[in-house]
Amino acid sequence: MKFHICQTLAQVEEAVKQIPEVVAIDTEFVKGNPRTTRLLAIIIADSEQAWYFPWYIADETCIDNHKYWDTIRDIIESRKAIFLQDYNHCDTIILYKHGIDIRDKQVYNLIDMHHLIDENANHSLDTRVKEVFNDPYKEIFWGKYQNYEDAPESEATEYACKDAIYTYRLGVKDLQQVPTDLYQHVKSLGRSLLETELNGLKVNLRLIQETKDSLDTEIQAYLPKLKEEFYEQTEIWELQEWAKEISKRKSNDGRLRVQRPVFNFDSDKQIAWLVYEALKCPALVKTKTGNPSTNSEALLALSESRPALKTLCQYKETKAIYNTFVEGMLTRVENNRIYPHFNVSGTATGRLSHSDPNMGNLPKTGVIRNFFIPDVEMAIIGADYSQLEVVIEANLTNDPNLIRILTEGASKHDITAEGLGIDRNQAKTLNFALQYGAGAGKVGKILGVSKHEAEDIFRRYWELYSGINALKEKVNEEIERTGQITNLAGRTRHFPRPRDKYEMYRQQRQAYNFLIQGVAAECCNRAFYRYGKGLFSVHDEIVAQVPIADAETEKARLIQVMENISKDFNFKYSLKAVAYGPFDCWKKT
DNA sequence: GCCCGGGTCTTGT
DNA sequence: CACTAGACCCGGGCT
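These notes cover the structure that comes with them. Along each chain, residue indices are assigned from 1 in the same order as the chain's sequence is written. Chains and ligands are labelled by the order in which they are written, letters from A for the one and numbers from 1 for the other. Local features in this predicted model are restricted to residues whose pLDDT is 70 or higher, and side-chain atom pairs enter the listing and the counts only when it is 80 or higher, whereas totals over whole chains, interfaces and linings include all residues. Side-chain numbers come from the whole structure's heavy atoms, not from hydrogens or water.

**Observations concerning the overall build of chain A**
Applicable threshold: For helices the rule is a DSSP run of H or I covering at least 4 residues; for strands it is a run of E covering at least 2, with both sets numbered from the N terminus onward. Each residue's exposure class comes from its accessible area (1.4 Å probe, protein chains only) as a fraction of the maximum for that residue type: buried when under 20%, exposed when over 50%, partly exposed otherwise. Working rule for contacts: check all heavy atoms of both residues, and any pair within 4.5 Å makes them a contact. Neither His nor the chain termini are counted; the positive set is Lys and Arg, and the negative set is Asp and Glu. We put the charge of a Lys on NZ, of an Arg on CZ, of an Asp on CG and of a Glu on CD.
Helix and strand counts for chain A stand at 24 helices and 17 strands. Summarising its shape, the C-alpha atoms of chain A cover approximately 85 × 80 × 55 Å along the three principal directions. Expressed as a percentage of its 589 residues, the buried residues of chain A come to 50%. Counting contacts in chain A only where the partners sit at least 6 residues apart, residues at least 24 apart contribute 68% of the total. Measuring between centres, the 75 positive side-chain charges of chain A sit 4 Å from its 84 negative side-chain charges.

Here it is in structure tokens:
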């Protein structure tokens, strides 16, 4: 390997002559928000050489330095293809904020490529370099230094140059293995979402603040009520814990300094003690590890005999909304905007994931979604796919009853309720449970019937949807035999050899779900980038902002784009979408 | 005292 | 019973 440290204009001009058309680019920067953090260096590399450009030269104002950076920007922006280890799009965003725009270049992001190759693997450069090249330089570097900028220049440059060279080598390797078409879809989706990551979403700060204040008062009103209702029990807990803590101390002085603890209604452990030890309530619901549960289902079930538990439940609910969606939102506001991150390589199925904040799990009731508002002279519009997973499943299985749902405009819940002679709400729960592979035992729990009856309903359910059942059996066989499965969009999911039959069953459930959910995700993802003006998407919904005057034409175009995805997959039963808006904030319809 | 991972719960599709 | 992000508590390990 050869490292070129380019600190003068003459060195850069020399580099220009040598740097090839296809390169890897790596950036070093101060840890922090990519939109505001400081760039430290840019490294350009091929498989054997790296050229290191320290950014501080840009801060020194002289003619040559302007030329120095103009030259580097021109080199980067004129490359034919660029390999990038771009976790969370940090490099693209930082380069953009420093005047270098690679958003529309032919970029090969190793994170995205490697995720398509092996969705279970760790995609970090650390792990991959250790595995493929057996070079421990990263471990050694981070063992010695906390931050990149702490290292002496010679070590820092060598470290960064190696990163860039390995990025190039791994990029070439990934490019040979990645499913090309699928990668282009992922790249286009990421490019489209990058606009929202850079521009952010406008929020109604006043509404967030008002919501915070009103929930604050609500929570403050709950606490004295809870203290009163459970005075006897919390008193015991506090004294017991106090005594325990005192007995741990060795010196008299230490014992005197122990403060009396306060019962914490936010602690699941303490709530469990209160409900099951102090109040001696029966454990109607268990957690996955077999402990008595403190979730709302358990508390509400017990509240018939202990009405105070309902207050506790309401407190917990309000507190959760307050913490996650109000406080959590406020801490993320910058200049009346929120900048979510979208991860196109975050799930095994191909679904998009969102974070900081997660736009995908905002409560559909209440005021939280209304925090998000359009920019001036714009309006929020959007569209949902109707029964997206049913359409996918009908196309994959040709199941007569699923086809009936689509052609007769019925709902799956009605068909199930009718076919099994059960309540519609129960049918709804049953449909979701069985779609995700629930067994007869689970059916019994949901319907509250005997094991025998449950088995009968389970059998009749799969007679009703015999087409689905047939595909499930085919998938089960394939997973057991090959340990992997590829969906209609060309995405593959891999499973490790199962340790027992229960792990095998779980893999079979995951595999079937992948087949349906994965294709549903690809539909929505493709529609999102083809529409081109979306703000973000949430699994089967696309949210956009458009000029108020264009709202109706944009709604029509959005629906057309979404429904046209049928052609990508040659669907016999077409996708259907329903639009909403124009609105002055995001709302659920 | 701070960090990390596991457990539990809640939210959405 | 599939796929998420994120809140809090709690215990153990490290500085």
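**Quick look at the sheet that holds strand S16 (residues 541–547)**
Cut-off, in case you're wondering: Think of it this way: DSSP has to see at least two bridges between two strands before they count as a pair. Lines fitted to C-alpha atoms define the axes here, with helix axes fitted over just the stretch in contact, and angles between the N-to-C directions of these axes take values from 0 to 180 degrees.
Strand order across the open sheet formed by 4 strands is S15-S16-S12-S17, with antiparallel pairing between neighbours. The strands lining the two open edges of the sheet, one partner per strand, are strand S15 (534–537) and strand S17 (577–583). On average, adjacent strands in this sheet sit at an angle of 20° to one another, irrespective of strand direction. Relative to S16, strand S12 (residues 378–385) runs antiparallel, the two sharing 7 bridges. Bridge pairing in S16 places Ala383 opposite Ile542. Helix H23 (residues 501–531) rests against S12, S15 and S16 of the sheet, and its axis sits at about 170° to S15.

**Examining the sheet that holds strand S4 (residues 49–54)**
Taken in spatial order, the 6 strands line up as S1-S4-S3-S2-S5-S6 in an open sheet, and their pairing is mixed. On the outer flanks of this sheet lie strand S1 (2–5) and strand S6 (107–109), each paired with one strand and no other. Taken pair by pair, the neighbouring strands of this sheet meet at an average axis angle of 25°, ignoring direction. Judged from the 4 bridges that link them, strand S2 (residues 22–29) and strand S5 (residues 81–84) form a sheet pairing that is parallel.

**Things to note about the protein's contact with DNA strand B**
Inclusion rule: Being near a molecule or strand, for a residue, comes down to having at least one heavy atom within 4 Å of it. We call two N or O atoms a polar contact when they sit within 3.5 Å, provided that within protein one can donate a hydrogen and the other can accept it, with sequence-adjacent residues counted only if both atoms are side-chain atoms. Any residue that is not Ala, Val, Leu, Ile, Met, Phe, Trp, Tyr, Cys, Pro, Asp, Glu, Lys or Arg is counted as polar, Gly included; the first ten are nonpolar and the last four charged.
Residues in close proximity to DNA strand B total 19 residues, the closest being Thr289, Thr294, Arg351, Asn361 and Asp540. Each atom of DNA strand B within 4 Å of the protein was classed as base or backbone; sugar and phosphate made up 84%. In the environment of DNA strand B, a phosphate oxygen lies 3.1 Å from a nitrogen or oxygen atom belonging to the backbone of Asn295. A distance of 2.7 Å separates a base oxygen of DNA strand B from a polar atom in the side chain of Asn361. Its residues placed into classes, the surface near DNA strand B shows 2 nonpolar, 10 polar and 7 charged.

**Side note on the side chain of Lys472**
How we decide: The salt bridge definition used is simple: a Lys or Arg side-chain nitrogen within 4 Å of an Asp or Glu carboxyl oxygen.
Considering the arrangement of structural elements, one finds Lys472 in helix H22 (residues 466–482). No salt bridge is formed by the buried Lys472; the nearest opposite charge belongs to Glu393, separated by 6.1 Å. Discounting residues that sit within four places of it in the chain, Lys472 has contacts with Leu434, Gln435, Gly437, Trp462 and Tyr512.

**Side note on the protein's contact with DNA strand C**
DNA strand C sits among 29 residues. The nearest are Ser267, Lys269, Asp356, Asn358 and Lys442. Each atom of DNA strand C within 4 Å of the protein was assigned to sugar, phosphate or base; sugar and phosphate come to 76%. One nitrogen or oxygen atom from the side chain of Arg493 is found 3.2 Å from a phosphate oxygen belonging to DNA strand C. For the surface near DNA strand C, the secondary structure elements donating two or more residues are helix H13 (268–278), helix H15 (308–330), strand S11 (353–355) and H23. With 5 residues, H23 is the largest single contributor of residues to the surface near DNA strand C. Split by residue class, the surface near DNA strand C holds 4 nonpolar, 16 polar and 9 charged.

**Considering unusual backbone geometry**
Residue Pro357 is bonded to the preceding Asp356 through a cis peptide linkage, with omega at -5°. Structurally, Pro357 is set in the loop between S11 and S12. Residue Pro582 follows Gly581 across a cis peptide bond; omega there is 0°. Of note, Pro582 is situated in strand S17.

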